[in-house]
Amino acid sequence: MRIREIHLTPVAFRDPPLLNASGIHEPWALRTIVEVVTDDGLSGLGETYGDRSHLERLRAAAPALIGVEVHAHHAQYAAVAATVGGDVFVDQHGLTGAGSNQKTVDAVFSPFEVACLDIRGKAAGLRVADLLGGPVREAVPYSAYLFYKWAGHPGEDEDRFGAALDPEGIAAQARLFVEEYGFGSIKLKGGVLPPDEEIEAVHALREAFPDLPLRIDPNAAWTPETSIRVGRALEGVLEYLEDPAPEIEGMARVAPEVPMKLATNMCVVTHAHLPPALARGAIGVLLTDHHYWGGLLRSTQVAALCETFGLELSMHSNTHLGISLAAMTHLAAAVPNLNHACDTHTPWQQGQDVVVPGALRFVEGAVPLPQAPGLGVELDRDALGALHENYLRCGVERRDDTAYMRRFDPTFQPKRAHW
Ligand code: GKR
Ligand code: MG
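So, how was this worked out
- Residues numbered from 1 in each chain as written.
- Chains lettered and ligands numbered in written order.
- Predicted model: local features only at pLDDT ≥ 70, side-chain atom pairs only at ≥ 80, totals over all residues.
- Heavy atoms only, no water.
- Helix = DSSP H or I, 4+ residues; strand = E, 2+ residues; numbered from the N terminus.
- Rg over C-alpha atoms; globule rule 2.2 N^0.38 Å.
- Contact = heavy atoms within 4.5 Å.
- Areas by Shrake-Rupley, 256 points an atom, 1.4 Å probe, with all protein chains shown as cover.
- Donors = N, O, S within 2.8 Å, 3.2 Å for Na, K, Ca; no water.
- Buried < 20%, exposed > 50% of the residue type's maximum accessible area, 1.4 Å probe, protein only.
- Core = buried A, V, L, I, M, F, W, Y, C linked by side-chain atoms within 4.5 Å.
- Salt bridge = Lys/Arg side-chain N within 4 Å of Asp/Glu carboxyl O.
- Near = heavy atom within 4 Å.
- Polar contact = N/O pair within 3.5 Å; in protein donor to acceptor, adjacent residues only side chain to side chain.
- Nonpolar A, V, L, I, M, F, W, Y, C, P; charged D, E, K, R; others polar.
- Domains from an automatic or database assignment.
- Buried area = accessible area lost by both parts, 1.4 Å probe.
- Pairing = 2+ DSSP bridges.
- Right-handed = clockwise from strand over helix to strand, strands pointing away.

Draft legend 1. The arrangement of the overall build of the protein in detail. When you go through the protein residue by residue, the secondary structure sums to 13 helices and 14 strands. Computed over its C-alpha atoms, the radius of gyration of the protein comes to 20 Å, within 12% of the 22 Å expected for a compact globule of 419 residues. Expressed as lengths along the three principal axes of its C-alpha atoms, the size of the protein is roughly 60 × 50 × 40 Å. Counting contacts in the protein only where the partners sit at least 6 residues apart, residues at least 24 apart contribute 74% of the total. Just so you have it, the protein exposes about 14900 Å², and 52% of that area is on carbon and sulfur atoms.

Draft legend 2. Expanded view of the coordination of the magnesium ion (ligand 2). Coordination of the magnesium ion (ligand 2) by the protein comes from Asp217 (OD), Glu242 (OE) and Asn265 (OD1), over a distance range of 1.9 to 2.1 Å. Summarised as a motif, the one-chain spacing of the donors to the magnesium ion (ligand 2) is D-x24-E-x22-N. You can see Glu242 sitting in strand E9 (residues 240–242) and its partner Asn265 sitting in the loop between strand E10 (261–264) and helix H9 (274–280), a full 23 residues away along the chain. Just as Glu242 is buried, Asn265 falls in that class too.

Draft legend 3. Structural context of the nonpolar core. If you look at the biggest cluster of nonpolar residues, it comprises 106 residues, and the most contacted ones within it are Tyr142, Leu146, Ile186, Leu188, Leu234, Val354 and Leu375. In terms of residues, this core owes the most to one element, helix H11 (residues 322–333), which gives 8 residues. One finds Ile6, Val70, Ala79 and Val84 within the second-largest nonpolar core, a separate group that totals 21 residues.

Draft legend 4. Here's a closer look at the pattern of salt bridges. All told, the structure shown has 26 salt bridges when counted by the stated rule. Of the charged contacts, one joins Arg52 and Glu56 as a salt bridge, the two residues approaching to 3.2 Å between their closest N and O atoms. Of this pair, Arg52 and Glu56 both sit in helix H1 (residues 52–65), 4 residues apart, which is roughly one turn of the helix. Take Arg52: its relative accessible area is 31%, and that puts it in the partly exposed class. Judged by relative accessible area, Glu56 falls into the partly exposed class, the value being 41%. Measuring nitrogen to oxygen at the nearest pair gives 2.4 Å for the salt bridge that ties Arg253 to Glu225. You can see Arg253 sitting in helix H8 (residues 247–254) and its partner Glu225 sitting in helix H7 (residues 224–233), a full 28 residues away along the chain.

Draft legend 5. Quick look at the site of ligand 1. Around ligand 1, the structure places 17 residues, and the nearest of them are Asn20, His25, Tyr145, Asn318 and His345. Taking Asn265, its side chain carries an N or O atom lying 3.1 Å from an oxygen atom of ligand 1. At 2.7 Å, a side-chain N or O of His345 approaches an oxygen atom of ligand 1. When ligand 1 sits alone it has 340 Å² of accessible area, and the protein chains cover 100% of it. In terms of residue class, the shell around ligand 1 is built from 3 nonpolar, 9 polar and 5 charged. The residue makeup of the shell around ligand 1 includes at least three contributed by each of domain 1 (3–128 + 381–393) and domain 2 (130–368).

Draft legend 6. Layout of the domain arrangement of the protein. Per the domain assignment, the segments of the protein are domain 1 (3–128 + 381–393) and domain 2 (130–368). Averaged C-alpha coordinates put domain 1 and domain 2 at centres separated by 22 Å. Counting residues at the interface gives 48 residues for domain 1, matched by 52 residues for domain 2. Between domain 1 and domain 2, roughly 4300 Å² of surface is buried when both sides are summed, and carbon and sulfur atoms account for 62% of that area. It is Leu19, Arg127 and Val128 that lose the most area in domain 1 upon contact with domain 2, and together they represent 16% of the buried surface on that side. Between the two partners, domain 1 and domain 2, sit 3 salt bridges. For Glu138, the salt bridge identified is with Arg127, shortest N-O distance 3.1 Å.

Draft legend 7. How the structure looks around the pairing of strand E8 (residues 214–217). Side chains Leu214 and Ile216 project from E8 onto one buried face, and the interleaved Arg215 and Asp217 project onto a second face that is buried too. Where strand E7 (residues 186–189) lies against E8, 4 bridges are found, and the strand directions are parallel. Across the sheet, Ile186 pairs through a bridge with Leu214, a residue of E8. Regarding the hand of the β-α-β motif, the stretch spanning E7, helix H6 (residues 195–208) and E8 is right-handed.

So this is what it looks like as structure tokens:
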């Protein structure tokens, strides 16, 4: 079964004005949908970032995969790596850590690998989770992912979530998410307001939800000193503290001084970061993400490394659609040492998608593993066409939360170790 065709379709969909340490989400979020077709007519799906530079790398890599055997994981990886050369991926929003050549190869390879696993599952009549070692859970728990936000994008009506700019607003957002999705844990995206206000918001969440695990993630907006102060103020309240301070160095200074484990999707984002982070005791939890850890099989290897070295495992998310949610769910279902509910941005997309509705749903905060072979999701070609039209019309070519924020506040600076 060899790869005969690859189709790459950039898409855009509406995104609410969610605040973070880098600025604010633009009205349009971008993704690239990958379809791989084999010589015997089977097709598989992948989903990845939609920024122009990434799309160009995908376009350069796709021809190198034509004719390669769909089972030949290592040959596919080598073919993609050769097209990437010495290139380095740097995210434009600054929220997924440093770029490196390894991370670039892994990010470009990932959606092709997911699509090939989708095909392999369909060919064998097995789910992707079966190909990854078999599911150890039939439903994957996700966490409510709260954001400080404006009521609506400037110049537009208020969206259905409304504003969340204080502890009451954050608690109300949590209630909405928990009521609608049944989430059993809560994450707050911080790094937006002064740390004491964010501490208050976490306490408001604890009061409203006495039994739910809570986390806060300021994307390295705090100095190590502030991180230690916040960590101590939230003793007994957090399941983990995510990326309080920049770099392995900053996290290593905080870790021994706070009562909870530190988690990251910023200072350990590729294999080269693991030895120094482990040697320095910088983290206790790794948020894995198959989009930049080289796909699903490689992510199971990262999970095994976490087990070997005593790290707990959670899962990172960026704004995404259903193909990614399906891939995340298969991966999380097949990883025995997943210790925490995974992140997802899904509720913010309010049903916009490129997959046929029905295969993915939330039941008590968890997504039941799709049962059909492969990823278990099917492309909705009309929806794909409509979201591609959005892409052509919206004028956004790369995610840049800082530039969008500066349209409203020209003095805005990304908040790295700001407080
Ligand atoms: O969507 O603004 C966002 C998040 O801040 C995202 O980009 C981060 O990469 O969710 C991510 C995180 O946990 O750092
Ligand atoms: Mg994070």
